[in-house]
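Summary of the model geometry
One-letter residues, chain by chain:
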Amino acid sequence: MTLHFVCPAPRQPAGGVEKIYQFVAALERAGMPAVVVHPNGAKPLAYWFEGAATVVRADALDFDVDRDVLVVPERWAFDVHLPHDAQVIVLNQGAYLTFGRLPLPEPGTDLSSLIPGPFRHPGLLGVVCVSTDSERYLRFTFPELEVRRIHVGIDTTVFRPGDTWRDHALAYMPRRRSDEVGELLRILASRGRSSDWLLRPLDGLDQRGVADALRATPVFLNFPIREGFPLPPLEAMACGCLVIGYTGRGGDEYLLPDCSFPVPEGDSIEYARTVETVIDGYSKKDEHLAAISRAAIDLVSTEYTMDRQDRETVEVFAQLAPAPGGEAGASTTVPMQSILRDVRDPSPARVLAYHARERLRTLTRRGLR
């Protein structure tokens, strides 16, 4: 029995892809056969992180329907062609993306007809997620399914603390809600109370480059949109940054007031006010901020470790995946390429459309309060 982890091949670094590589590597170290499978002949992607997982191209692989297990990411759960007798696990690292690629139902559609196909597949063994918020979402949405959670870890040999007092700079991910990032920075500039602070966008860097930048930066501005488990703010916390911003729901469990500065979703003024308060205190070397930085480092080093991630990965997949049966006999194999023939990474336009839709959703909620 081999666990086949179907994995996207994005053009830009993606934390979820890195985690798939890490999950497979942990299972292999534990003696559980597992591979990363990229569709469309994509090459291994460990160019922004250090990966040690076995990687196989879909067009060079056959799937044993009787013995193997297909692990499918939530974004492709509705795109794969699942053999009827296949055993399947959905790896859901982004609960809010579960239905994100499905069209809006037509007017007059009977609600009972909107059955989520892959989540009713007879061979579905369970769903694996990576946050408390996603677990809540999935247990409510699929009350009859087996839902398990893995605590993802941060590699603190890479993301480790820097000096307490650093150059005055604001770090952020420019690809995340770029319109709101620009809005915040111009609000701060217009008020003229932070003129000696430099902007440090984290873009075009590999994992170690991001870590080096975070260690030299005291403040990280967080702009997620309803994410399963945002990794960049946790990496920033591991480096001792003061993290300010939205939680993205998936970050609710660790972006707490005693180790960060959470801001109500979509509240640009409160965001700017919080940034001004923090950078003013930092400029004065306020020891309260140093204590928050230490609390953030402690949280990551105790709750979100690679050892815990590896241990839970092995436990969860060992519990969900069936143990190998008796004597080997005849089996049914299907070309993996045929199973994945319709999966596609979203185009840049679709990614932008998703973020625009989520932004509109946020604004609508704010307007209804």
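To start, this report covers the structure provided alongside it.

About the thresholds
- Position numbers for residues start from 1 in each chain and track the written sequence from start to end.
- Selection of residues for local features in this predicted model requires a pLDDT of at least 70, selection of side-chain atom pairs for listing and counting requires 80 or more, and totals for whole chains, interfaces and linings are taken over all residues.
- Heavy atoms from the whole structure form the basis of all side-chain values; hydrogens and water molecules are not counted.
- Axis angles are defined between N-to-C directions and span 0 to 180 degrees, where every axis is a line fitted to C-alpha atoms and, for a helix, only to the segment in contact.
- A run of DSSP states H or I qualifies as a helix once it reaches four residues; a run of E qualifies as a strand once it reaches two. Both are numbered from the N-terminal end.
- Roughly parallel here means an angle under 35 degrees, roughly antiparallel means over 145, roughly perpendicular means 65 to 115, and every remaining angle is called oblique.
- Two helices crossing with the near one rotated counterclockwise from the far one by less than a right angle form a left-handed crossing, whereas a clockwise rotation gives a right-handed crossing.
- Contacts are residue-level and defined by heavy atoms, with any inter-residue pair within 4.5 Å sufficient.
- For this scheme, ten residues count as nonpolar: Ala, Val, Leu, Ile, Met, Phe, Trp, Tyr, Cys and Pro. Four count as charged, namely Asp, Glu, Lys and Arg, and the remainder, Gly too, count as polar.
- Type-normalised accessible area, obtained with a 1.4 Å probe on protein chains alone, sets the label of each residue: buried when under 20%, exposed when over 50%, and partly exposed for intermediate values.
- A pair of strands is considered paired only if DSSP assigns at least 2 bridges between the two.
- Only buried residues count toward a nonpolar core. Its members are Ala, Val, Leu, Ile, Met, Phe, Trp, Tyr and Cys residues joined through side-chain atoms within 4.5 Å.

What follows is about the packing of helix H3 (residues 178-191) against helix H6 (residues 268-283). Packing of H3 against H6 brings their axes to within 10 Å, and their N-to-C directions diverge by 55°. Overall, the two elements H3 and H6 adopt an arrangement that is oblique. H3 and H6 meet at a crossing whose hand is right-handed. Residues Glu 183, Leu 184, Ile 187, Leu 188 and Arg 191 of H3 form the contact with H6, whose own contacting residues are Ser 268, Ile 269, Tyr 271, Ala 272, Val 275 and Glu 276. Of the residues contributing to the contact of H3 with H6, the split by class is 7 nonpolar, 1 polar and 3 charged.

Structurally, Glu 276 is set in helix H6. Look past the residues within four positions of Glu 276 in its chain and what remains in contact with it is Leu 188, Arg 191 and Arg 193.

Bringing the pairing of strand S2 (residues 34-38) into the picture now. The element S2 is largely enclosed, with a buried count of 5 among its 5 residues. By the alternation rule, side chains of S2 split into Ala 34, Val 36 and His 38 and Val 35 and Val 37, which are all buried. Pairing analysis gives 4 bridges linking strand S1 (residues 3-6) to S2, with the strands arranged parallel. Within the sheet, the bridge partner assigned to Val 6 lies in S2 and is Val 37.

Turning to the nonpolar core, a few remarks are in order. Counting 53 residues, the largest nonpolar core has Leu 3, Phe 5, Phe 159, Leu 214, Phe 220, Met 237 and Phe 317 as its most contacted members. Sequence-distant contacts of Phe 317, defined by excluding residues within four places in its chain, comprise Leu 3, Phe 5, Leu 27, Met 32, Val 71, Ile 89, Val 128 and Ile 150.

This part is about the side chain of Glu 235. Checked against the element boundaries, Glu 235 lands in helix H5 (residues 232-238). Those residues in contact with Glu 235, other than ones at most four positions away along the chain, are Ile 154, Phe 159 and Leu 214.

Turning to its location among the elements, Leu 199 is positioned in strand S10 (residues 198-201). Here the alpha-carbon distance between Leu 199 and Ala 169, two residues 30 residues apart in the chain, equals 5.7 Å. Here Leu 199 is in contact with Leu 170, Tyr 172 and Leu 185, once residues within four sequence places are set aside.

Along the chain, Ala 318 falls in helix H8 (residues 306-320). The sequence separation of Ala 318 and Met 32 amounts to 286 residues, and the corresponding C-alpha distance is 8.3 Å.

Right, let's talk about the sheet that holds strand S7 (residues 124-129) for a bit. With parallel pairing, 7 strands are arranged side by side in an open sheet as S3-S2-S1-S5-S6-S7-S8. Of all the strands in the sheet, just strand S3 (55-57) and strand S8 (147-149) have a single pairing partner and so form its edges. Between one strand and the next, the sheet's axes are offset by a mean angle of 30°, whatever the strand orientation. Alignment of strand S6 (residues 87-92) against S7, held across 5 bridges, turns out to be parallel. Within S7, the residue paired with Val 88 across the bridge is Leu 124. Sitting on the sheet, helix H2 (residues 132-141) is in contact with S6, S7 and S8, with an inclination near 180° to S8.

Spatial relationships are all this shows, so hold off on functional conclusions.
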